[in-house]
Amino acid sequence: MIRPGVRRYFRLPIRRRDLLEQELEDEIGAHLEMRVEQLVRRGVPPGEARREALRRFGSVDDARRELFQAVRERETRMHMREWLDDLRQDLVFAARGMLTNRGFTAAVVLTLALGIGASSAMFTVVDAVLLRPFGFAEPERLAVLAEVTPEGEPHNPVSSANFFDWREQGRSFQGLAAWTDRQLILTGGGEAEEIPTRLTTGNYFATLGARPFLGRAYTEADEPDYAVVLSHRLWQRRFGGDPAVVGRTVTLNDEPYTVLGVMSPDFPSIGEKPEMWVPTQLDPEWRGRYLQVVGRLRPGATLEGARREMETVGRRLAAEYPAFNKDWGVSVLSLEDAVAGDVQPALLVLLGAVGFLLLIACANVANLLLGRAASRRREVAVRRALGATRGRLVRQLLTESLVLAALAGALGLLVAAVGTRLLVLRLPAGLALPRMDEVGVDLRIVAITAGVSLLTGVLFGLAPALFGSSVGPAETLRDASR
C-alpha cells in the first residue's frame, strides 16, 4: 500500500483513488517480477536477480510519485473537460430557453437592470463623494478651519488677520494654508478666456502634501513672484500637453506669470475645482472675511486636541479684538466631514433606498422564476427519470439564472452610466454635492456591478432551482395524471 507521504500527490475520490493505487502497485510489481525472471533465465541467482532488478528500476517511491502525478494530471484534465462540456450544454440550453420565452426573458432582464442600474448609479455617487480617499499625503491629518458666526453658523470664511493669528498661536498644526477663488483672464496659447484660479498662500501644496505631475509646485519663497501652476486638464486643453510649458510666460489679467509646474490629473480639490493656482501675499491687518483655511496636524496631535486649542485661541482673539471678533468662534473639522459632512446622511439614506429597490427587484424575479419552475416540473421529472441528479439540475437552473443576471448587469451598467450623468447634470440649484467632478463609472464600478449581478443571480435563482428540482418523478407524474 502507498505510504501517507505519497498520497499528497494524489487527490481523487477515496474509492477511485484506492483502485488506482492498487493498479499502480500491481503494475510496478509485475514489471519488477518480469525483470527478475529475465535475469534468472540468464543464470543469475533469484536473490541477486531481485536486487539487480530493483537497482535497474531505480527508486520505487519516485516511480510511484511520477505515476501518481501523471494520473492526477490526466484526471484533472478529464474533469475540466467534463465541467466545460457541461457548462457549454447549460449555456446553450439557457440561451435556447430565453429565446423561446422572449416575454419572460425581457421582463426578468428589465426588472433586474433597473434595480442594478439604480443601485450602481447611486453607489457611484456615494463612492466619489464619501468613500474614495483624497489624493493627499496622509489625509487623516488634514483639517479644515473656519469661523463660527455669533448665531452659531459654522463654515464661515476667515479674515486674513485672524488667519495670521491662528498660524502664530496654533501649536497643534504643522502648517496652516489659506486660499480664495477668483476668475483670471488668461491670454497666450489661444483666445483670451476666464480661468477658475485659486489664489493661495505659498505653503498651500506643502500643507496638502501634493506633488506636481510636471515641474514643481511653488513655496512660500515664491509668494512675491508672479508664478502659476496649471491643472492637468488646462495643460492638455490649452497647451496641447507640451512639456516645454514649464518656464514659459503666460499673461493673467495683463500681467506676466511664469509657469512653474503642472499638477497631476487626479489631484483633488477642496471646494470648487480650479484650473490654475497662483501664490499671493495676504495683508495681516485686513479684517475682511474671505479666506478658506486648511491645516495639517503635527505628528501625534489629535483633531479633538486641535479643536480645543483653537476654541481657546478664538476666545483670546475675541477678547483682544472685541470690535471684530466678539462672539465669533473657530470650528475645526476633519477633511472628510468638512467636504461631505452635510450630505453624508442623505446619500446613505438614498443608497439604502436603492438597495431595497434591488432586493424588491430580486424578489419579483424570484417569483417569476418560481412560477416558471412550477410549470417545468414535468420536464424536470422526465430528466430525473432519465438519470439526471438533483445537483446537476440545480446547476442547470442556476446557470439560467446567472445568464439572466449577466444580461441584466450589462444593461444595468448602461443604465448606471446614463443615470449617473443625468444625476450630475440635473442636480437642483440648491443642492451642491462635493467632488461631483469625480463622479463617473470606472473599472471599479464595473467590477462592483459585475459582482452585484452575480450575487443577485444566485440570490433570486437559488430558491427556484431548489424548488424545481425537489420533487421526484413519480410524484410529479401522479400530479400530472390527476
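This text follows the structure it describes.
Cut-offs and rules
Residues numbered from 1 in each chain as written. Predicted model: local features only at pLDDT ≥ 70, side-chain atom pairs only at ≥ 80, totals over all residues. Heavy atoms only, no water. Helix = DSSP H or I, 4+ residues; strand = E, 2+ residues; numbered from the N terminus. Buried < 20%, exposed > 50% of the residue type's maximum accessible area, 1.4 Å probe, protein only. Contact = heavy atoms within 4.5 Å. Areas by Shrake-Rupley, 256 points an atom, 1.4 Å probe, with all protein chains shown as cover. Expected span 1.5 Å × (residues − 1). Phe/Tyr/Trp six-rings, centres within 6.5 Å; stacked < 30°, edge-to-face > 60°. Lys NZ or Arg CZ within 6 Å of the ring centre and 35° of its normal. Salt bridge = Lys/Arg side-chain N within 4 Å of Asp/Glu carboxyl O.

Caption draft 1: The overall build of the protein, seen in detail. Helix and strand counts for the protein come out as 16 helices and 11 strands. Counting the 482 residues in the protein, one finds 42% classified as buried. Across the protein, the fraction of contacts at a sequence separation of at least 24, relative to all contacts at a separation of at least 6, is 78%. Surface accessibility of the protein: about 25700 Å² in total, with carbon and sulfur atoms responsible for 58%.

Caption draft 2: Structural context of helix H9 (residues 303-320). Here H9 spans 25 Å end to end across 18 residues, near enough to the 26 Å set by a 1.5 Å rise per residue. Within the sequence span of H9, burial applies to Gly 305, Ala 306, Glu 309, Met 310, Val 313, Gly 314, Leu 317 and Ala 318. On the buried face of H9, the contacting elements are strand E1 (142-148), helix H6 (160-169), strand E3 (173-187), strand E10 (289-297), helix H10 (322-325) and strand E11 (329-334).

Caption draft 3: The arrangement of the environment of Leu 291 in detail. Position of Leu 291 among the secondary structure elements: in strand E10. Judged by relative accessible area, which is 1%, Leu 291 ranks as buried. Remark: the alpha-carbon pair of Leu 291 and Pro 157, spanning 134 residues in sequence, is separated by 5.2 Å. Residues contacting Leu 291, with those up to four places away along its chain left out, are Pro 157, Val 158, Ser 159, Ser 160, Phe 163, Ala 178, Trp 179, Thr 180 and Leu 282.

Caption draft 4: Just the packing of aromatic side chains, in detail. This structure, assessed with the given rule, holds 10 aromatic pairs. Look at Phe 267 and Trp 277: their rings are 5.4 Å apart centre to centre, the planes differ by 75 degrees, and that puts the pair in the edge-to-face class. You can see Phe 267 sitting in the loop between strand E8 (255-263) and strand E9 (276-279) and its partner Trp 277 sitting in strand E9, a full 10 residues away along the chain. Ring pairs connect the aromatic residues Phe 136, Trp 179, Tyr 204, Phe 205, Tyr 218, Phe 267 and Trp 277, which therefore count as one cluster. The side chain of Arg 289 reaches across the aromatic face of Phe 324, ending 4.0 Å from its centre.

Caption draft 5: A look at the pattern of salt bridges. The full count for this structure, using the stated rule, is 12 salt bridges. Between Asp 181 and Arg 198 there is a salt bridge, with the nearest N and O atoms lying 2.8 Å from each other. Taken as a pair, Asp 181 in strand E3 and Arg 198 in strand E4 (residues 193-200) lie far apart in primary sequence, 17 residues in all. With a relative accessible area of 32%, Asp 181 lands in the partly exposed category. Among the ionic pairs, Glu 193 bridges to Arg 237, the shortest N-O distance being 3.0 Å. A residue pair is termed long-range when its members are at least 10 positions apart, and Glu 193 in strand E4 and Arg 237 in helix H8 (residues 232-239) qualify at 44 residues. For Glu 193, a relative accessible area of 23% translates into the label partly exposed. Members of the salt-bridge network, linked through shared partners, are Glu 193, Arg 233, Arg 237, Arg 238 and Glu 275.

By themselves, these are just geometric observations and shouldn't be taken as functional.
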